[in-house]
Amino acid sequence: MRGFWKLTWVEIKLYFRIPIMAFFTLALPPMLLLLFGSIFGNVPNPAYGGYGTVDVSVPAYSALIICLSALLSLPITLASYRERGTLRRYRATPVSPATVLGAQLVVQFLMTLAGMGLLVLLGKLVYHIRFDGNAWEVLAAFALSCLSFFAVGLLLAGILPSVRLASIVGNVLLYPMIYLSGATIPSQIMPEGVQKFSQFIPLTHVVTFLQGLWRGENWSQHTTEAIILSALLVVCSLAALKAFRWE
Amino acid sequence: MPQVIQVSHLRKVYGKTIAVDDLSLEVNEGEIFGMVGPNGAGKTTTIECVEGLRCPDSGEVRVLDLDPQKQEHSLRLLIGTQLQQTQLPERLKVGEAFDLFASFYPNPDDWMVLLKRLGLQEKKDTFISRLSGGQQQRLSIGLALVNKPKLVFFDELTTGVDPQARHAIWDLVREIQAEGRTVFMTTHLMEEAEKLCDRVAIVDHGNVVAMGSPASLVRKLAPESRVVFTPVKAFDLQVLKKINSVSHVDQDGQKVIVYGRSIAISQPPLISEVVNLLSTQGVTYEDIRMEQPTLEDVFLLLTGRAMRD
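Quick notes on the rules
Residues numbered from 1 in each chain as written. Chains lettered and ligands numbered in written order. Predicted model: local features only at pLDDT ≥ 70, side-chain atom pairs only at ≥ 80, totals over all residues. Heavy atoms only, no water. Helix = DSSP H or I, 4+ residues; strand = E, 2+ residues; numbered from the N terminus. Rg over C-alpha atoms; globule rule 2.2 N^0.38 Å. Buried < 20%, exposed > 50% of the residue type's maximum accessible area, 1.4 Å probe, protein only. Contact = heavy atoms within 4.5 Å. Areas by Shrake-Rupley, 256 points an atom, 1.4 Å probe, with all protein chains shown as cover. Lys, Arg positive; Asp, Glu negative; His and termini not counted. Charge placed at Lys NZ, Arg CZ, Asp CG, Glu CD. Salt bridge = Lys/Arg side-chain N within 4 Å of Asp/Glu carboxyl O. Expected span 1.5 Å × (residues − 1). Bend = angle between axes of the 7 residues up to and from the residue. Pairing = 2+ DSSP bridges. Axes fitted to C-alpha atoms, helices over the stretch in contact; angles between N-to-C directions. Buried area = accessible area lost by both parts, 1.4 Å probe. Polar contact = N/O pair within 3.5 Å; in protein donor to acceptor, adjacent residues only side chain to side chain. Patch = residues over 30% accessible without salt bridge, like charges linked within 9 Å, V, L, I, M, F, W, Y side chains within 5 Å.

S.K.: Can you explain the overall build of chain A? Please cite residues and give values.
M.R.: The helix and strand tally for chain A stands at ten helices and zero strands. Of the regular secondary structure in chain A, the N- to C-terminal order runs α-α-α-α-α-α-α-α-α-α. Against the compact-globule benchmark of 18 Å for 247 residues, chain A has a radius of gyration of 18 Å, which places it among compact chains. Taking the principal axes of the C-alpha coordinates as reference, chain A spans close to 60 × 35 × 30 Å. Out of the 247 residues in chain A, the part that is buried amounts to 52%. Summarising the internal contacts of chain A: among those between residues at least 6 apart in sequence, 79% fall at separations of at least 24. Surface summary for chain A: the accessible area is close to 10700 Å², and the carbon and sulfur share equals 73%. The averaged location of the 9 negative side-chain charges in chain A is 17 Å from the averaged location of its 16 positive side-chain charges.

Structure follows, in structure tokens:
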């Protein structure tokens, strides 16, 4: 266990020493929030059910951060550890794969959570955002979304042999997802066809889930999202377990 | 002397390539044992099967009375490992790496002392990526020692390291042995094997082709000494054949190379016989020297001179 916490702490330090990922999770979303907040303000908008742009953007951008951590940060970090032989070196010690992967998942989760925390803080301080939900329910949905997306990331890390490929595939999956799911551009302003198509994008369900709970709905109204994300979690975790390689 | 490693009839195949075929060796407690061989001879595959990092296709491996496959975790606690071409995250600091690796073991060594011994104490807060090749290798040796192992594995320890750093690393390996640990290493540097190892196994095509102390291998397999000199004027080289122990004579540009055996202690050394003959023949020469056969001669004799890879 001591090894696990040490490794987690080391990974947190490394996260900030190569700050590209920290930029995407901790700096970019708040910048987007300020940018669109300054353009549209946070006046109640009937298109968003009486909420303002910033009100709906905070949960949407949280989904964006989950996606960035899961599809870029996690697989690229693991692929680079495999490429450099770091995983092989760990393998020659008594630490288990669960320790190595677990530490990485904890760090990615904490950073994603911190990213959402920053958005909430900024929203509260600058735009006095409305929050009508139950914080615990939102956190639980956030955690489920993280887990299922991280499982996708682990699977990618397992099947993609190099950092190059991990970043190409990660980006190819990421961009359509973040633009079509409502994580960056509100889906309400998209054509109906796109809205229908976006139902096939897992991230759409994270956005719907988080925004719904934000407005004060509860989990029982979002069983579809919960089931889809749970299924993604189970399937990808099992596949990732099979695909994992030390070298 | 008790044996710490026993490998018998080890075989490992990758696709169609037979990496290791029917390889057997034993390593005794307290010795520095080296595997030498050309690239692709199967050294790394063998050492990794012994470390439990690879699963042999057949054959038996016992390390410290454990099965590296079935008792991997117990083995990890007892051995130290330096792997070829593995790198830790480049933004990790030296001290952090030691602290991290120490946390993986229940009863680690005081890594600050280790750091000092390796001459890395001033590098404690340096990023690993900023270390020189020699410092990186010392770091990897240090990390292999952090659990106070009885048995240490070094795979191509001094590859890419300059001569000064190489000698420092050799001293370190000798110290590790003096502390009562056993060292199992691979190298493709014959000089390294000859200077460092108590016993070597010469490996080629996945098989041990010769095993023993470097001196005994040289005595047994490459007993010919050479006398090399540059005659001032050309002369008939056939006269050198008059010496009984001379086997043949070669010419390399201006240089003359006389090959011969002088095994018996009663026999005068080859060089004095050559000098005597040349003076009776009135041949003048410069730069005369005798070259003893080395492990490299044995190695080339056994593995041939053809280019590999």
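S.K.: Which residues make up the pattern of salt bridges, and what are the values?
M.R.: Note that side chains of opposite charge can pair when their charged atoms are close. Under the defined criterion, the tally for this structure stands at 26 salt bridges over all chains. Here E72 of chain B ties to R91 of chain A by a salt bridge, and the two come within 3.4 Å at their closest N and O atoms. Of the two residues, E72 of chain B is situated in helix α2 (residues 72-78) and R91 of chain A in helix α4 (residues 86-91); the pairing between them involves two chains. For R91 of chain A, a relative accessible area of 18% translates into the label buried. Between E156 of chain B and K43 of chain B there is a salt bridge; the shortest N-O distance is 3.7 Å.

S.K.: Give a description of helix α3 (residues 53-84) of chain A that names residues and reports values.
M.R.: Working note: α-helix, 3.6 residues per turn, so residues spaced by three or four point in the same direction. Residues and elements named next belong to chain A. An ideal rise of 1.5 Å per residue puts 46 Å on 32 residues; α3 measures up with 44 Å between its terminal C-alpha atoms. The principal kink in α3, of about 35°, is found at S69. With 30 of 32 residues buried, α3 is to be regarded as a mostly interior element. One or two positions beyond α3, positive phi appears at G85, with a value near 85°.

S.K.: Outline the sheet that holds strand β2 (residues 17-28) of chain B, listing residues and values.
M.R.: Residue and element names in this part refer to chain B. Strand order in the open sheet formed by three strands is β2-β1-β4, with antiparallel pairing between adjacent strands. Two strands bound the open sheet, and with one partner strand each, they are β2 and β4 (58-63). Each strand of the sheet is rotated relative to its neighbour by a mean of 15°, with strand direction disregarded. In this structure, strand β1 (residues 3-14) lies alongside β4, joined through five bridges in antiparallel fashion. Paired with I5 across the bridge in β4 is V63.

S.K.: Residue-level account of the interface of chain A and chain B, with values.
M.R.: Tallying the contact residues gives 22 residues for chain A and 32 residues for chain B. When the area that chain A buries against chain B is broken down by residue, the three leading residues are R84, R89 and P94 of chain A, summing to 29%. On the surface where chain A and chain B come into contact, there are seven salt bridges. We note a salt bridge from E247 of chain A to R54 of chain B, for which the minimum N-O separation is 3.1 Å. At the surface where chain A touches chain B, the tally comes to 17 residue pairs in polar contact (both at pLDDT 80 or more).

S.K.: If you had to explain a nonpolar patch on the surface to someone new, which residues and values would you point to?
M.R.: Residues and elements named next belong to chain A. On the surface, L34, L118, L121, L125 and V126 cluster together into a nonpolar patch covering about 440 Å² of accessible area. Sorting elements by how many residues they give to the nonpolar patch places helix α5 (residues 97-127) first, with four residues. On the accessibility criterion, L34 (36% relative accessible area) is partly exposed.

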